[in-house]
Each structure stands twice: as structure tokens, then as C-alpha cells.
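Okay, here's what each chain looks like letter by letter:
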Amino acid sequence: MGFFNKIKESLSKTRNNLVNKLEGIFKLSVKIDDEILEELEEALITADIGVKATEDLINKLKYKVKTNKIKDADELKSALKEEMVNLFPKSDIVFSTPAIILIVGVNGVGKTTTIGKLAYKYKSEGKKVIIAAADTFRAAAVEQLVVWGQRAGVEVIRQMEGSDPASVLFDAIRAGKARHVDVIICDTAGRLHTKKNLMEELKKLYRVAEKEFPEAIKISYLVLDATTGQNAISQAKIFKDAVNVNGIILTKLDGTAKGGVALAIAAEMGLPVCYIGTGESIEDFAEFDPKEFVDAIIS
């Protein structure tokens, strides 16, 4: 199955949710007027695209209707798709090796699975990869990471439960340098069972990465669960305020009708969506393409 067909299949619930709302508007629209645009606005908001993204889209459509003399539903639909694509910021990440990739996000969003998939992707490209199991506050997280590491064929650096996360990253960096590794992927805690501040712990990991491996590029991906819809925005704000987030990895798109949240994240956070998870398999993971995403949800 080609990538477009795969993403289209994984986004079927989102597409059905949105298409059902838009179909009547586009089919019955013989004239594009304010009433039609209001109906379109309501449909977009209720499809988890969010208030800000919807306002941005509708304002741009109003301008296009006026300046481009859009007269029919097909033209309006094309204009909507074009503006949806334009809503996504372009990633400014310039990947090079060696690299340290920090994966952040709350528990339950799919961080462990994402790390396994990302490790497999880099290894498949011929890169040497190790994983640092720095979520030491959850024993299950480390065990799951070891399983995913085995699936990806990648070594996992770990310590005892409750160890200092920064010391795990320190060990991984030391091992990475000794073995001439290209990419170190670091798991991080999504919640602490102590009185320590989670964001301070994350900042400590950044400091260790910078101090111990200054020549490596540092990339931080925030993992968000698409099934949580607008709650993902709240999570993104908390992490973006505390740490330097370079981009979003959106998971569980195959199980939700709320995939429109990708547009909400783009509009409200100004962060690029870099990767998407589209299933349970280690290969169900791909770089995000805004045009293919929009084509998949509005056919």
C-alpha cells in the first residue's frame, strides 16, 4: 500500500467526520455568500480543527471569495484545501549527525512506541542508533522500551528504576561516543512520582546533552495523542513554555475522528508536525506531508 493510501485509510474516521459536515455545504451551495461561510466555519470547529485555525481559514477564504471572485462550491473547496496546507508551518530542523533526540510528552500518548518506530526508521536508513531509557520513574516504560528496541534492532541504555534520568542520558552519550553512534534517542518522563518538578527534570536532560555532547545537534519532539483532540493543545502549551520543542509527532491517527487537531496545533502553537503514527506496526510511521494530509481528509 502506497503512503498516500495508507494515510488515507488511517484517517478514514477523521475524513468521514469532516466530509459528513462539509458535503451538504458544498453540494447545496449554488452561491458563495456569508451564510455558506458561516456554515463552513461551524463545520470546521466541530471537526476539532479548533477556533483559531478555523478563524484563520475563514478569514482567508473571505478574502479569496472577494478578490478571486469564487462563485461555486468546487472553487471554494479547492481554496479551503490550499489554505489548510498553508496553515502548517514548515519545519526548520536541519538533521545531521551526531544527533541527540529528546522525546517529550505526557504518559500514555505513545512515546515508547514512537521511539521504537523512530529508531527503526533511522536504522533502516543505515544510521547507528541507541536509545536512552531516561523515564526511570516508570518501570513499565523501561521494559516496553527494551521490547521496542529489540524489534528495531537497537540497543537500549538503562539503569535501575528511580535512577537519575540525567545519568542515563550521560551513560548513553558515553556509549554513543565510544561506538560512533549517529543518533541517540532519549525517552523522558511524562509524569514524576516525586515532588520534583517535571519540567526542571527535562531541562536537566538538555543541560547534560549540551555539556557532554556539544557537537551533536539537539532536537526535541513533543508526542501528542490525536485521540485527545483539543486536550493535545493544552499539553503542547505546557511543554512549549518549559522546553525548546522543535516539532510535533502526532500519534494514533488511525483510531480517531479528531485528526483535524493537527490543524489546530499548527495554528495555535506555530509548531511543525514532523511525523505521524498511523498504526501499531513498527513501520506505521511517516514524515508528515501537509498536502497529503489535507488530501486524505478532504477528498
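Refer to the preceding data block for the structure.
Throughout this document, residue positions are counted from 1 along each chain, in the order its sequence is written. Totals for whole chains, interfaces and linings use every residue, but because this is a predicted model, local features are given only for residues with pLDDT of at least 70 and side-chain atom pairs only at 80 or more, for both listing and counting. Processing note: side-chain calculations cover all non-hydrogen atoms of the structure and skip hydrogens and water entirely.

Visitor: Quick question: what am I supposed to make of the nonpolar core here?
Guide: Nonpolar side chains tend to gather and get buried jointly when the protein is soluble and globular. In plain words, nonpolar cores are sets of buried Ala, Val, Leu, Ile, Met, Phe, Trp, Tyr and Cys residues tied together by side-chain atoms within 4.5 Å. Note on classification: 1.4 Å probe, protein chains only; a residue is buried when its accessible area is under 20% of the maximum for its type, exposed when over 50%, partly exposed between these limits. Grouped together as the largest cluster of nonpolar side chains are 83 residues, with contacts concentrated most on Leu40, Leu76, Leu80, Met84, Leu169 and Leu250. Put simply, DSSP H or I for four residues or longer makes a helix, DSSP E for two residues or longer makes a strand, and each gets a number counted from the N terminus. The dominant element in this core, judged by the number of residues it contributes, is helix α11 (residues 261-269), at eight residues. Membership of the second largest hydrophobic core comes to 27 residues, among which are Ala133, Val146, Val156 and Cys274.

Visitor: In this structure, what is going on with the sheet that holds strand β6 (residues 247-251)? I would like to understand it.
Guide: Hydrogen bonding along the main chain pairs the strands of a sheet, whether they run parallel or antiparallel. In this scheme, strands are said to pair when DSSP sees at least two bridges between them. Taken together, the eight strands give an open sheet; going across it, the order is β3-β2-β4-β1-β5-β6-β7-β8, and neighbouring strands pair in mixed fashion. Since the sheet does not close on itself, it has two edges, and those belong to β3 (155-157) and β8 (285-287), each with one partner. Neighbour to neighbour, the strand axes of the sheet diverge by 25 degrees on average, direction disregarded. Here strand β5 (residues 217-225) pairs with β6 via five bridges, running parallel. For Tyr221, the partnering residue across the bridge sits in β6 and is Gly247. A fitted line through C-alpha atoms represents every axis, and for helices the fit uses only the stretch in contact; the resulting angles, taken between N-to-C directions, go from 0 to 180 degrees.

Visitor: Where do I start with the side chain of Lys121 in this structure?
Guide: Tracing the backbone shows Lys121 in helix α6 (residues 111-124). Since its relative accessible area comes to 17%, Lys121 is described here as buried. Of the polar contacts made by the side chain of Lys121, one reaches the side chain of Glu125; its length is 2.7 Å. Any pair of nitrogen or oxygen atoms within 3.5 Å is treated as a polar contact; in protein, a donor-acceptor pairing is required on top of that, and neighbouring residues in sequence qualify only through side-chain atoms on both sides.

Visitor: Explain the layout of surface pockets to me, please; I cannot follow it from the model alone.
Guide: Empty space among the atoms becomes apparent when a probe as large as a water molecule is rolled across them. With a 1 Å grid laid over protein atoms only, a set of points is called a cavity when a 1.4 Å probe fits there but cannot get out and a pocket when it is open yet has protein on both sides within 12 Å along at least five of seven lines; lining residues have an atom within 4 Å of a point. Grid points are joined across faces, edges and corners, and a volume is the space filled by probe spheres set on the points. Here the largest pocket is characterised by a volume of approximately 390 Å³. Taken together, 20 residues form the lining of the largest pocket, with Ser91, Val273, Cys274, Glu287 and Phe288 sitting closest to its centre. Looking at the lining of the largest pocket, the elements that each hand over two or more residues are α5 (73-87), α6, β5 and β7 (273-277). Put simply, the second largest pocket is a space of about 190 Å³. As for the second largest pocket, its lining consists of 16 residues, and the residues nearest its centre are Thr113, Lys117, Lys252, Gly279 and Glu280. Every element with two or more residues in the lining of the second largest pocket is listed here: α6, β6 and β7. Element by element, the count of residues in the lining of the second largest pocket is highest for α6, at three residues. Side-chain classes are defined by residue name, with Ala, Val, Leu, Ile, Met, Phe, Trp, Tyr, Cys and Pro counting as nonpolar, Asp, Glu, Lys and Arg as charged, and the others, Gly among them, as polar. Considered class by class, the residues forming the lining of the second largest pocket number four nonpolar, eight polar and four charged.

Visitor: I'm lost on the packing of aromatic side chains in this one. Help?
Guide: Geometry of an aromatic ring pair is reported as the spacing of the ring centres plus the angle between the planes. Pairing of aromatic side chains requires ring centres within 6.5 Å, counting the rings of Phe and Tyr and the six-membered ring of Trp. Pairs whose planes differ by under 30 degrees are stacked, by over 60 edge-to-face, and all others tilted. Scanning all chains against the criterion turns up six aromatic pairs. Ring plane angle 85 degrees and centroid distance 5.9 Å describe the contact between Phe88 and Phe293, whose orientation is recorded as edge-to-face. Here the residue Phe88 occupies a position in the loop between α5 and β1 (99-104), and Phe293 occupies one in helix α12 (residues 290-297), the gap between them amounting to 205 residues. Of the two residues, Phe88 and Phe293, neither departs from the other in class, the shared state being buried. One aromatic cluster is present, built from ring pairs that chain together Phe88, Phe288 and Phe293. Lying across the ring of Trp148, Arg151 places its NZ or CZ 4.4 Å from the centre. We call a charge positioned over a ring when the NZ of a Lys or the CZ of an Arg lies within 6 Å of the ring centre and within 35 degrees of the ring normal. The residue whose ring lies beneath Lys177 is Phe213, and the NZ or CZ to ring-centre distance is 5.1 Å.

Visitor: Quick question: what am I supposed to make of helix α10 (residues 231-242) here?
Guide: In an α-helix, one turn spans 3.6 residues, which is why side chains three or four residues apart end up on the same side. With 12 residues, α10 should reach 16 Å at 1.5 Å per residue; the first-to-last C-alpha distance of 18 Å fits that figure. Within the sequence span of α10, burial applies to Ala232, Ile233, Gln235, Ala236, Phe239 and Ala242. By definition, residues are in contact when any of their heavy atoms lie within 4.5 Å. Buried-residue contacts for α10 involve β1, α9 (198-212), β5 and α11. The span one expects for a helix is its residue count, reduced by one, times 1.5 Å.

Visitor: What should I look at first to understand empty space enclosed by the protein in this one?
Guide: Tallied over the entire structure, the rule returns one cavity of 30 Å³ or more. There is about 40 Å³ of room inside the largest cavity. Lining the largest cavity, in full, are Ala134, Phe137, Pro165, Thr188, Ala189, Leu198, Glu201, Leu202 and Leu205. Of all the elements, α9 adds the most residues to the lining of the largest cavity, at four residues. Each residue belonging to the lining of the largest cavity can be placed in one class, and the counts come to seven nonpolar, one polar and one charged.

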